[in-house]
Structure formats: C-alpha cells, structure tokens
Amino acid sequence: MRLQIRNLRKHYAAPVLRGLNLQLDAGAIHAIVGENGAGKTTLLKILSGLTPADSGTVVLDGAPWAAKNPKAAQRAGLSLCSQELSLIDNLSVAENIGLRALPGRLRLDRATLHRRCRELLDRFQLDLAPDQLVGTLNLAERQMVELAKTLNSEARLLLLDEPTSALNDQQARALHAMLQKRANNGVSILYVSHRLNDVLQLCDHVWVLRDGEVVHNAPSEQLTVAEVIRHMSGKEKLAQPAIAAQRHGSVHLSVRNLLTRNMRQPVSLDCHRGEIFGLAGLMGAGRTELLEAIYGLVAHTSGRVELLHADKRIGLTGVNDAVKHGVGMVPESRASQGIFRGLSVAFNATIAQLGRVASRHLLSRRREATAVDALIRRLNVKCEGGDQSIEALSGGNQQKVILARWLHRECSLLLLDEPTRGVDVGAKFAIHDLLRALRDQGVCIVVASSELQELLALCDRIAVMSAGRMISTFERDSFDQEKILEAAFSAHNTTQMA
Amino acid sequence: MSRRLLRWLDQYLVMVSLLVIILTFTLAAENFLSYGTLSAILNQLPALTLVTVGMTFVLICGGIDLSVGSVLALSAAVIGVTVAAGFSIPVAALAGVATGAVAGLVNGLLGSYLRLPVFIVTLGMLEAARGFAYLITDSQTVYIGSAIQGLVQPIPWLALTPAFLCALVVVAVAHFVLTATVFGRHIIAVGTNPEAARMSGIDPKLTLLIVLCISGVLAGLAGLMNSAYLGSTDPNAGLGLELAAIAAAVIGGTSLMGGRGSIFSAFIGVLIIAVLQNGLAQIGVSEPFKRVVTGVVIVLAVVLDRWRADRVP
C-alpha cells in the first residue's frame, strides 16, 4: 500500500473534508472526481504540505506522514502539479523545469540543464527551445512545462490537479502515455480531472467525492461516464423548494455575439426583468469572463450588450457606462475587487452612489448615516455600526455590504459572480432571500455559481457553459441536475482547446 | 493602555509629537517658545506646505509625484522671464501657475492614459522640468524686484506673511476636499483598491490625472511663493523638495501604498520638520547632525505609525 488516508478532516469557513478515506497501491493510477467544491483540491493541498489537515491520518509506504511544507513533501517523494501554475515568467523553460534541483555547484551547469530539459520536452512531443522564456508561452505550453517540472523528479507519488485543462487531445494522450510508463515503474498517481472519458481510460480506479466524503469508489472498468456523473451529483433527488416558475417581465438585458479577448466563443443571451438567470459550468467554463464582458471590464472585440428600457435601447460599452445606467456587479474575488480594506462599512456601502448622500459634491454625514443604518438593518449586517472597519466583519457580512452598495444605487441589473463563496450558511440564505426579494421587485439578476445546488434553489432559468461555450438553457420546470452536469462536462470531453 | 486612550492617540499622535518637540526645544533653548520665533519659522514654509498638500493627494491616490521641486523651479523661472519681458506681476504669476498645471497634466496623461508607472513619469519630469528651468533662464538668477515681495511682508499685527496665510487656506480647502466631498472619496477609493473603484463606477485614470494636475498647480503656486521669498528666480530652487514633501506626508501618517493619509496631518508633518530644523540650529547642532536627526525622525514616524496601526482596533 503506497498511500492510505483515514478519516481526513479539514474545515475552512465551512467543512471541506469530512472524514475522507482513500487507499492507493504502488504503481497504480487512481482518479479523484467530483463537482466543484467537493474537496479534491484541498485533499491534494494537504498531501503536498500547502495546508495542514485538522485531523485524520495519512500513511505513506507504511509510515505516518504529515507534510509540514511543500519542500518536505518534495523530499519525501511527493510531487504536485497544481491548477494554479507556479511558473516564473522571467526564467527560461529549462530553468523552470529544473528549478527544484538546478545542476551545477556554484555556476549553473547550463549544458546538463538543457540536455535534461530536451529529453523531457521530447517525451512530451513539445517543440520548445529550452532557453525560451516561459512568459512567451501560451496557456497549453505553460501547462506542459508545469507538468514536465512535476515529472522531473524522483517522485513516488504524483499529485496532478486538472493536468489537462488547457491541453488538446493529442497533448493529453502524450501525457497519459508518460504517466502510464511511470506507473509501470512503480510510481503511484492521484489524478484529478473533469475530463471523465480520459479518467476512465487512464485510471485503474475511480474515487467519487461529494461534500468532502468519498461517496463511491470502483475500478474504472466497472463504471461509465453517466454513472460517475450520477454519483457525483448524488442519487437522491433533492427536494426542490416549492417555488413556481416566476412569470418574468420583458427582456431587460440583451447580449448578442459578445466576445472579448478573454472569451473563447461569442455568447448571446437575454435576461428579463424580475428574473434570476443562472450561469452554471465547471471551473474555467468562462462564466466570470462572460460577466466581466457584460459589465464592460474588458473591451469588447465584437458583439453588443444592450439594456432595454421601455422604449430605449442603451448600448453598454464600458464599466462607467454600465454603472451609470444602473448595472451593478458583485465580483468573484471579494478581497481584490470588492472591498476597500481599512475603510469603514459606510464608505464601502455608499461608494458607488455618493450622489445620494451628498448635495452638490458635498457629503452630508447625516444623510450618509441614515442611509447606511437603513442598509445595515435591511440586510441584517452584523457590525457595530457604519463607522466600523469592513475588515473586522466576517466574509458573509462583507459580502452583504457589497450587495448593500448596489442596493444603495438601486440597480436594474445585478451581475453576481459566486455571491456566496466563503460565506457561512446563515448569510448564504439571507443573501438568497434578498436576491429573491429584488427579483420580485423587478430587478434583473444574473448569477454565476460553481455550486449547482445554489443555482437550482435560486434561479428561474439556468444556462450552462462548458469550455467557453453556451451549451444549453434550462427552464425552472425542466431543471435536471444530471442533465445540467452532463452539459457542463460536454465540451470539456470533446473540444480541442486553443 | 485603555482602548479609548489608543483611539485618541490614533487621531492626535502627530499633533502630540509636534507639541512634545516644541516643548523639548523650549526647555533646551531660551526664547524658543516666543511668537517671534514661531512666526519666523512659519513664514519660511509656504512653498513646502503647498507641495506637501499636492504630494499627499497624489500619495493617497496611490501615486507619487517626484517632479514637484523641478516644477516649482520651472514655474518660478517662467515668472521671472515673464516679468523681465515687461508683463505685470499678476500676469506672470498666472503664467507660473499655468506652467505647473501643464506639467501636472503631462504627468497625468503619461501616467494614467499611457499606463506608464507614475514613479518613472514624474522622475522624467523631475529632470526635464529642471532642464527647461535652466534653458529659459540661461542658468542665471533672474531679478524680479520688490513688487512681488508684498507676498512675503509680514502683516504687522499678525507677524505672518500673506504667502503663509495663502498656504494655510490651501491646507484648509484641501483637507475639506479630501474629507467632505465626493471627489475626496474617489481619491481614497482609487488609492485603496483601484480595481474595486473601477467596479464601483469610478474612473481611476481620470482621478489620478486630476490629482496629478492639482499637484502641478500647487507646485506652480509654490514657485510663485519661492520667487516672492527671494525677490528673484533661481533655477536651482526647490532642489530635493520632493523628498522633503514625501517626508512631511509620511510623518503625517500618509501611506506610500495609497488610500490612507490626511492633509492636516501632513501639514503638521511640515511643521515637525521645520521646528526640528530651526530648533536644532538654535541649540547649536551642526548641519550634518541635523540631517541625521531628521532622517531618524522620518523612520521613527513610520515605526510609530505601524505600532499604532497594529494596536488600534
């Protein structure tokens, strides 16, 4: 037994791993699959020493193992290829690949470095010069280099997190052939991927994670893609909240063939007044990119975004335009795009519409206090008052303040990217209730979420994106978790990505 | 220490420091705490005060303006040359301030719309403006005459000069703009988190552009004050002034990372530097040692500020 994990637990804001058990033999390739947030990445992070577990035991080749840090994990023979690439742009391909153990005593032995690099690149069928700077590579090439870096070690256990997300089929096959060879030499591999066809072909055994637990495990030859998806989503049909499909109003947001440099395919969609429109999809499906394009954060290369008022069509070209015409966005990354750190709740809540607490550019403290107090009450923000620093608040309450910002502005269109990520359950339901209330007042709401349950509970319609493409749209009465998941996986299994 | 005391210190730390320094010199030197001494110190300050106000705006907005000293010299040079060409003082003053505005506009356009780092753009302006100042004055001091010196004649019953009072008004207005207007909020928002500001419908580029223009205008105005002080224009005026202004802003608790700072506290920072310089001179400390002390005070101010930020909830 190479690796044995017993009762592994990890808790961030909410439990991520709840008593996970898993075994892996020497020379075996095992797959870990699951929906977003099932705990796959956290498991790999714990094994490779990036984060400690709360409890549970890990046994590596018969000896207890707890990685203190990534360096210790590497020395113990664990090598992680993570989703967030860890390459250094200003170093060459060879230097990046060899970074963990550069040859040479004092002077860098370039010849040896380049020779070793050349061998690895050849095996990947990758036509790159060893001295090319990594900063000049495209995404697929960078992922290959990252993989080469991972494989350039005498590891006994390889941890691969979505190693093929940017690769085309041919590149993925080359990778798989190499992994197979390593496995034959006794290396064990944990392989996390959304490309389920690949998983079933490559791996000996599949572990299905859901909500931080293993819900099913079986040898690959006993499984089909459909079965895996069924296990991932959970067999028991979830009781749908008894909300009838909302009769929505006229079209408010019209997007036609919208494309930016961050998007892979042009997208069109219509959203109505009084509708919550969901965007489902896997990590990297292009939901965030779409929302950012609608909001105008990235320049449009083609297509149109229009707001339809009674008799006018207003074309939106940039973010200032959007905010001016009543569009608000709650970004995915609260810390870097949402809050103003070190400043008060009041500052954060009113910044998008200071006109309502000022007359002729002069701020009125009294009007600000009244407005902020009303917002705090309406959203039930737990804080000492408007003067408190926003950093002192919990994640959920910070998120409420960002929502308050757009309530204060009285938006007609709200774009929300992962509105309840890192938010505790209580605040999550409060946010859902608030969004429903806004919907009932006629606001048009677009929500992107990795959490399918959230979209199913909240939305009147759900559009599914996969690998940058809009795959299909489901009306509330035809919501079907398995079909939605199937659609979300569809393009990842077949397309060749650039 | 009690929480309330910490809160109070948080707000008035800079003020308290200034008072402590004044008190120290009062004990160490005779006649330091006299209206004559203090007003004499204040009357030296208009130029530094004005550029410090501009610098504080720029720092809070997340930028930096290294060109203020050179822009001061260039504006002063324009004033001198304009007067020498036979124009009246008001016209010359206007030309000087306009020169500062143009320099600030160029900084702003390059820094925000061409997305060049503001540090580099204003470093370039530091060299270029100084060069222009030498060019248009032919590297000579240009005599202006006594007409302009009305600005620096102390008002008899107050012992303060119109120039200093003017700087004081600028401090008050700037403090008001930063704390009580929509534009002030925008500056703080952009300096704290430009991306979040953009998502809230604020234009970070435009905000930085305006702030750099303000800094340019104030440097131009400081050029006028400097000419008045000297009665002539010196193309070497304001050498190193940008660093004195940054030091004053930092002593006043302004963060070089943007988002945090206060105009009023920066002004107190100016006073601290001035009182230190004069007080040390009065107790007979040598010029080199004065510089050592000033350097220590700047670093000490930041250490205190850190300590405060860590402790105050």
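Residues numbered from 1 in each chain as written. Chains lettered and ligands numbered in written order. Predicted model: local features only at pLDDT ≥ 70, side-chain atom pairs only at ≥ 80, totals over all residues.

Draft legend 1. Broad picture of the overall build of chain B. Secondary structure assignment for chain B yields 13 helices and 2 strands. Scaling as 2.2 N^0.38, a compact globule of 313 residues should have a C-alpha radius of gyration of about 20 Å, and chain B matches this with 20 Å. Expressed as lengths along the three principal axes of its C-alpha atoms, the size of chain B is roughly 65 × 60 × 35 Å. Counting across all 313 residues of chain B, residues that qualify as buried make up 50%. Restricting to contacts in chain B with at least 6 residues of sequence separation, those with at least 24 account for 77%. (Helix = DSSP H or I, 4+ residues; strand = E, 2+ residues; numbered from the N terminus. Rg over C-alpha atoms; globule rule 2.2 N^0.38 Å. Buried ≥ 20, exposed ≤ 12 C-beta atoms within 10 Å, placed from the backbone. Contact = placed C-beta atoms within 7 Å.)

Draft legend 2. Focus on the overall build of chain A. The helix and strand inventory of chain A stands at 17 helices and 22 strands. Taking 23 Å as the expected radius of gyration for a compact globule of 498 residues, we find that chain A reaches 25 Å, a close match to that expectation. With the C-alpha coordinates aligned to their principal axes, the bounding extent of chain A is approximately 70 × 55 × 45 Å. Looking at chain A alone, contacts between residues at least 24 apart form 69% of all its contacts between residues at least 6 apart.

Draft legend 3. Structural detail: the nonpolar core. Residues and elements named next belong to chain B. In terms of nonpolar packing, the biggest core is built from 248 residues, with Val 51 and Leu 72 touching the most fellow members. It is helix 10 (residues 204-230) that provides the largest number of residues to this core, a total of 16 residues. The contact partners of Leu 72, leaving out residues within four places of it in the chain, are Ala 47, Val 51, Ala 219, Ala 222, Gly 223, Asn 226, Ala 237, Gly 238 and Leu 241. (Core = buried A, V, L, I, M, F, W, Y, C linked by C-beta atoms within 7 Å.)

Draft legend 4. Structural context of the pairing of strand 8 (residues 188-192) of chain A. Residues and elements named next belong to chain A. Taking burial as the measure, the 5 residues of strand 8 include 5 buried ones, the bulk of the element. Residue alternation in strand 8 divides its side chains into two sets, Ser 188, Leu 190 and Val 192 and Ile 189 and Tyr 191, and both sets are buried. Pairing of strand 3 (residues 29-34) with strand 8, which is carried by 4 bridges, proceeds in the parallel orientation. Looking at the pairing, Ile 32 lines up with Val 192 of strand 8. Relative to strand 8, strand 7 (residues 157-161) is paired through 5 bridges, and the arrangement is parallel. If you follow Leu 157 over to strand 8, its bridge partner there is Ser 188. (Pairing = 2+ DSSP bridges.)

Draft legend 5. Inspection of the environment of Asn 197 of chain A at higher detail. All names here are of chain A. In this fold, Asn 197 is placed in helix 7 (residues 196-202). Given 14 C-beta atoms within a 10 Å radius, Asn 197 is considered partly exposed. Between the C-alpha atoms of Asn 197 and Val 225, which are 28 residues apart in sequence, the distance is 6.7 Å.

Draft legend 6. A look at the sheet that holds strand 14 (residues 300-308) of chain A. Residue and element names in this part refer to chain A. Taken in spatial order, the 4 strands make up an open sheet running 12-11-14-15, and their pairing is antiparallel. In the strand order of this sheet, the two ends are held by strand 12 (267-272) and strand 15 (313-315), each with one partner. On average, each strand axis in the sheet is inclined to that of its neighbour by 15°, with strand direction left out of account. Across 5 bridges, the pairing between strand 11 (residues 251-260) and strand 12 is antiparallel. The partner of Ser 254 across the bridge, within strand 12, is Asp 270. Helix 9 (residues 287-295) contacts strand 11, strand 12 and strand 14 of the sheet and is inclined by roughly 110° relative to strand 11. (Axes fitted to C-alpha atoms, helices over the stretch in contact; angles between N-to-C directions.)

Draft legend 7. Broad picture of the domain arrangement of chain A. All names here are of chain A. For chain A, the assigned domains read domain 1 (3-233) and domain 2 (251-494). Its C-alpha centre places domain 1 at a distance of 34 Å from the equivalent point of domain 2. Looking at the side of domain 1 that touches domain 2, the elements with two or more residues in it are helix 7 and helix 8 (225-233). It is helix 8 that provides the largest number of residues to the side of domain 1 that touches domain 2, a total of 4 residues. (Domains from an automatic or database assignment.)

Draft legend 8. Main features of the sheet that holds strand 1 (residues 3-11) of chain A. All names here are of chain A. Taking strand neighbours across the sheet as the criterion, the 4 strands line up as 2-1-4-5 in an open arrangement whose pairing is antiparallel. Among the strands making up the open sheet, the edge pair consists of strand 2 (15-24) and strand 5 (63-64). In the sheet, strand 1 pairs with strand 2 via 7 bridges, with the strands oriented antiparallel. Bridged to Leu 8 within strand 2 is Leu 20.

Draft legend 9. Representation of the interface of chain A and chain B. Taken residue by residue, the interface counts 22 residues in chain A and 18 residues in chain B. Of all elements in the fold, only helix 10 (319-324), helix 11 (334-338) and strand 18 (362-363) of chain A reach the threshold of two or more residues within the side of chain A that touches chain B. For the side of chain A that touches chain B, the element with the highest residue contribution is helix 10 of chain A, accounting for 4 residues.

Draft legend 10. Looking closely at the packing of helix 7 (residues 162-180) of chain B against helix 8 (residues 182-192) of chain B. All names here are of chain B. Running from N to C, helix 7 and helix 8 cross one another at 75°; their axes reach a closest spacing of 5 Å. One element, helix 7, and the other, helix 8, form an angle in the roughly perpendicular class. Touching Val 177, Leu 178, Thr 179 and Ala 180 of helix 7 are Phe 183, Gly 184 and Ile 187, all from helix 8. Here the contact of helix 7 with helix 8 is built from residues that sort into 5 nonpolar, 2 polar and no charged. (Parallel < 35°, antiparallel > 145°, perpendicular 65-115°, else oblique. Nonpolar A, V, L, I, M, F, W, Y, C, P; charged D, E, K, R; others polar.)

Draft legend 11. Summary view of the environment of Asp 305 of chain B. Mapped onto the fold, Asp 305 of chain B is located in helix 13 (residues 287-311). Sequence separation between Asp 305 of chain B and Ala 248 of chain B is 57 residues, and the spatial gap between their C-alpha atoms is 14 Å.

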